[in-house]
Amino acid sequence: MTFLSHLGQQDGLIIGAGCSLAQVKDILAERVSELPEEKTQTYRALLKQLKSLAGQQIRNMAWLNKIQEEQEGNWLSAVWSPEPQHSHMGSGHLGGSAGCRRAPLELTPQPPVPWPSLRRPRLLVTLSLQEDLKQSLGGHIISRHCYSDLNPILAVGNTTLNLISVEGARQMPLNERFLAGLASADLKPEEILESVYVPHSHAWEFVSAFRQAQCQQNALADVNAGMRVLLKEGTGTIEDLSISYGGAGAVMVSAQKSCQRLIGRPWDELMLEEACRLLLEEVSLPGWAPGGKVEFKRTLVVSFFFKFYLEVLQELKKLAKFMPDSHHYPEIPDGFLSALEDFPITGPQGVQRYQSVDSHQSLQDPVGRPIVHLSGLKHATGEAIFCDDIPTMDRELFMVLVTSTRAHAKIISIDSSEALELPGVVDVITAEDIPGTNGAEDDKLMAVDEVLCVGHIICAVVAETNVQAKSAIEKIKITYEDIEPVIFTINDAIKHNSFLCPEKKLEQGNIEEAFEKVDQIVEGEVHVGGQEHFYMETQRVLVIPKAEDKELDIYVSTQDPSHVQKTVSSTLSIPINRITCHVKRVGGGFGGKVGRPAVFGAIAAVGAIKTGRPIRLVLDREDDMLITGGRHPLFGKYKVGFMNNGRIKALDIECFINGGCMLDDSEQVTEFLILKLENAYKIRNLRFRGRACMTNLPSNTAFRGFGFPQGTLITESCITAVAAKCGLLPEKIREKNMYKTVDKTIYKQAFSPETLIRCWNECLDKSSFHSRRMQVEEFNKKNYWKKKGIAIVPMKFSVGFAATSYHQAAALVHIYTDGSVLVTHGGNELGQGIHTKMLQVASRELKIPMSSMHICETSTATVPNTIATAASIGSDVNGRAVQNACQILLKRLEPIIKKNPEGTWEDWIEAAFEQRISLSATGYFRGYKAFMDWEKGEGDPFPYYVYGAACSEIEIDCLTGAHKKIRTDIIMDAGCSLNPAIDIGQVEGSFIQGMGLYTTEELKYSPEGVLYSRGPDEYKIPTITDIPEEFNVSLLPSSQTPLTIYSSKGLGESGMFLGSSVFFAITDAVAAARRERDIAEDFTVKSPATPEWIRMACADRFTEMIPRDDLRTFKPWSIPIA
């Protein structure tokens, strides 16, 4: 940098308020490297928080924006905040970029610049300007958020704010009064923040920072803290103490009273006990506090102080080595030392093991080779075209949906008169405008007379711009009359007998008799939370009406364009042949774009027909999460009977899933859940029952794994419960009860477990499981506050739909006269690489390079009556259809090739055209046979199984609930992989998504049924820092599966459940902690295993000292729906 960004003072550091957080990090690191350690305590604490505050991209945001503004010639001499009524940033204004820009700061009075008039940089558009400013040091301070990671440290570090205005300069302390926004300690309206002065620390002064969040990076802290203590030299007596907490109240909380009462006390165990008591009294959180997690936050208040106590004690012990006559300080037990170590933020590394290609295979044959995803580079560069990238049409209108704010109510009236008077508003679309059918009887497109959940679609506004449409929905007045009962939780649904469909049941053996003959019986409960699809591309559709014959072109992000086509047809009461659905590519689906896009497509189509103009409907992330539903939350009860050696003789499982307010796919999810519950285990006496509960929440729907990830968690939890009771390791119980020979499942489908056993043994070997198990046990003996856990889980995943008709597929292949080939098939590119695989198939069959081929899009006009790209069979069935089409074409070309065997592909095609041979063929695959008779409880519902195993090792911090993923090894059966690079990508992606389900992704609902977690601030999917430090994925050596295309297998979903290996490794570590504390191991299993759950499960002296709330005395902030 050629300009000044900070000033080093003899007693401190002045940093320009406009410096980005990335720059602040560099400045602090430079000072830490130059100054003695005793002077840099505060700087080190700030650096620690900056490592995890947001992510590198966001920390760079303010600086990148400044570069862009400079390039555009749009530098502002000062950046002004909005007035208080428009912002949470307080009554003062945020000052510009002192020390962070070339132009000197001009003090000419300027009016505040309204937010919309500030030009947005084109470089990065992920944050609003207000958010951009928060990523500068001054913006971060002025925003004064209760969750700020820096402000508590700056406050305890006696930071001073340097303010300037036309009237001059003044200094103001950054203390609890300023952070509370008190008028007497705030900026004046005409002042801006020029710079921040952070003093050096002194000898015998110690400063530390702490934070705990849902995940390491890109997550707001649940609680953070800054702590500073000044001790009398050589004595360990407290001379000054400052403690500040973020996240423990509406504003930052300073524990001044507690600190004052501790001054003069020696730094010892008695002081620690007194400090914890005082802090819990002063830093008081009511049970109903916004954000919830109240008992967890109370525990962190004292856990953080305990960590600070140990850190200071360790530093005192170091100082004592140089002062033989100094005070004697308490010893730190060796087992406590690991509590002082934070988990590092690391990037993953690992090994991918592909299958080897047959040495006799032609080098030109791409099948089985790791071909790069054809759109991969476009995805990375942003060149890939998605639905909303289609340029604006002539006379195009924007549609925004109006949804219910009540969970269960009658609609008394809808008044849209004010909305219709607004500029740009063209119309308001209601159910009365639908010319055909308004969805199904129990699943309306738009509500009529009654709403069943918050987020239920009532009507839609159509306007010239998106902004105008969004403004108009605020003016629509809907009058409701509440209806009882209102049901949100599975328990409430059971009490009210509120179910969406009949019970599904499978049974074998004599379970009652078996329970009478076992050595032990264990009963337990399992709760699995829901999961949001969180696809990168939200739901969106563009409907273009044609000028004649009621034709429509629909560009939609969907896994099932034919379903969209049929739904629009019935909604508009026009034939299907007038409607063409186009899908170029989908920005992620995971099951969430199977059924729901049809709803949005139909509503947009009604608007297009009524106005005669193109309609674009794009859901914001908040609306998408509110309206669409996700994975079904589950509550399961189990009763397992077993012998003392671990052999399970009887297992009874009853499952309830939260289906939401409409049936959707809940019946099928219940069926698949029950069919797949046994996983890899042969248990002679079984009873599985499942019900889908009807609640007043948005309908839950298809999601990757389709019930398997939730249900099988119950089965594996039974295994760990049996292991605990028998005093055996879980892996021994798994091995003892696993299928060993050719057998039949509970639904009487025969299969061979040979490949399952191969995966299990290979995983044990590749992961060095047994030696690492011993290392984990040794680590746990030596460490009290950190524990490691390791787990290995097997998997038998059934692929496909349980109906033959859903396995059919078609393709259309054209050969043009220049020899180029256009392939079209019924599958949809969701990012999973299906188009790449289809061209590999076509390349093998036609014996020409992939470079001569192209796939344009999936369209209902070229391949009709398609089946949803789902259930892991997209490449299977469409590959067979493409293969069939290519074989037909090659058969037609055979006479020409025989006549001119030395000719080129182009020669043959030209000759075929001259001889009037058709160069276009439809390929078709009738599908795998599959059926299930629920009356008899038997059938062959699945074409084949995918087997796998995963081993994961983790480490938890018992004081905070944080965990790090040390290593994961996955062995997956891919049959003979069509494309090992893409298949391993699918395994890795599904594993990480499953890991999110089981560890970080948590949906929070208000007592009124409103989804709180409607964006990345509140809902945490895994990021790069959440991937295991060592991540190894291997495909099992090739195995034959004659049923499928080239013996390949579909791997789209199976890896989801393997993410549970992380969950069970966490519970293994928690169990180790509880054993050491003499607490029962049989705790209730709850997923996700969030830091809150881990911390509270590791009960100790600090969890016992916190005040507990009587839930009957207040209304909680959130409710558990599983």
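Below, the structure is looked at part by part. (Residues numbered from 1 in each chain as written. Predicted model: local features only at pLDDT ≥ 70, side-chain atom pairs only at ≥ 80, totals over all residues. Heavy atoms only, no water.)

### Some details on the sheet that holds strand E16 (residues 477–482)
Backbone-to-backbone hydrogen bonds join strands into a sheet, with any given pair of strands oriented parallel or antiparallel.
At step 1: Pairing in this open sheet of 3 strands is antiparallel, and the strands run E14-E12-E16 from one edge to the other. Because the sheet does not close on itself, it has two edges, and the strands there are strand E14 (450–451) and E16.
At step 2: When strand E12 (residues 409–415) meets E16, the two strands line up antiparallel, connected through 6 bridges. Paired with Lys410 across the strands is Glu481, a residue of E16. (Pairing = 2+ DSSP bridges. Helix = DSSP H or I, 4+ residues; strand = E, 2+ residues; numbered from the N terminus.)

### Digging into the state of the cysteines
At step 1: If you walk through the whole model with that rule in mind, you get 0 disulfides.
At step 2: We note that Cys581 lacks a disulfide partner, and the nearest cysteine sulfur, in Cys387, lies 11 Å from it.
At step 3: Counting only cysteine sulfurs, Cys501 is the nearest neighbor of Cys693, a cysteine outside any disulfide, at a range of 9.4 Å.
At step 4: Looking at Cys693, the relative accessible area reads 0%, which means it is buried. (Disulfide = S-S within 2.5 Å. Buried < 20%, exposed > 50% of the residue type's maximum accessible area, 1.4 Å probe, protein only.)

### A look at the environment of Ser244
At step 1: Topologically, Ser244 is positioned in strand E8 (residues 238–246).
At step 2: Note on Ser244: relative accessible area 3%, which makes it buried.
At step 3: It is 29 Å that separates the C-alpha atoms of Ser244 and Ser1006, two residues lying 762 residues apart in sequence.
At step 4: Aside from chain neighbours lying at most four places away, what touches Ser244 is Pro152, Ala155, Val156, Asn224, Ala225, Gly226, Met252, Val253 and Ser254. (Contact = heavy atoms within 4.5 Å.)

### A few points about the packing of aromatic side chains
At step 1: Overall, the coordinates contain 32 aromatic pairs when judged by the stated rule.
At step 2: Ring centres of Phe925 and Tyr928 lie 5.3 Å apart, and the angle between their planes is 75°; this geometry places the pair in the edge-to-face category. As far as the burial class goes, Phe925 and Tyr928 line up, both buried.
At step 3: Pairwise contacts between aromatic rings join Phe306, Phe336, Tyr784, Trp785 and Phe1102 into one cluster.
At step 4: Lying over the aromatic face of Tyr784, Arg1077 brings its terminal NZ or CZ to 4.2 Å of the ring centre. (Phe/Tyr/Trp six-rings, centres within 6.5 Å; stacked < 30°, edge-to-face > 60°. Lys NZ or Arg CZ within 6 Å of the ring centre and 35° of its normal.)

### A look at the packing of helix H1 (residues 21–34) against helix H2 (residues 41–52)
At step 1: Where H1 meets H2, the closest approach of the two axes is 10 Å, and the angle between their N-to-C directions is 140°. Note that H1 runs across H2; the crossing there is left-handed. Contacts between H1 and H2 involve Leu21, Val24, Lys25, Leu28, Ala29, Arg31 and Val32 on the former and, on the latter, Tyr43, Arg44, Leu46, Leu47, Leu50 and Lys51.
At step 2: Partitioned by chemical class, the residues of the contact of H1 with H2 number 9 nonpolar, no polar and 4 charged. (Axes fitted to C-alpha atoms, helices over the stretch in contact; angles between N-to-C directions. Left-handed = near helix turned anticlockwise from the far one by under 90°. Nonpolar A, V, L, I, M, F, W, Y, C, P; charged D, E, K, R; others polar.)

### What about the packing of helix H21 (residues 708–726) against helix H30 (residues 1060–1076)?
Between two packed helices, what matters for the description is the angle formed by their axes and the separation of those axes.
At step 1: Running from amino to carboxyl end, H21 crosses H30 at an angle of 30°, the nearest separation of the two axes being 12 Å. If you check the angle between H21 and H30, you find them roughly parallel. Both H21 and H30 take part in a crossing whose hand is right-handed. Counting all contacts with H21, which are made through Leu713, Glu716, Ser717 and Thr720, the residues of H30 involved are Ser1060, Phe1063 and Phe1064.
At step 2: Of the residues assigned to the contact of H21 with H30, the class counts are 3 nonpolar, 3 polar and 1 charged. (Parallel < 35°, antiparallel > 145°, perpendicular 65-115°, else oblique.)

Worth remembering: the numbers are spatial, not functional.
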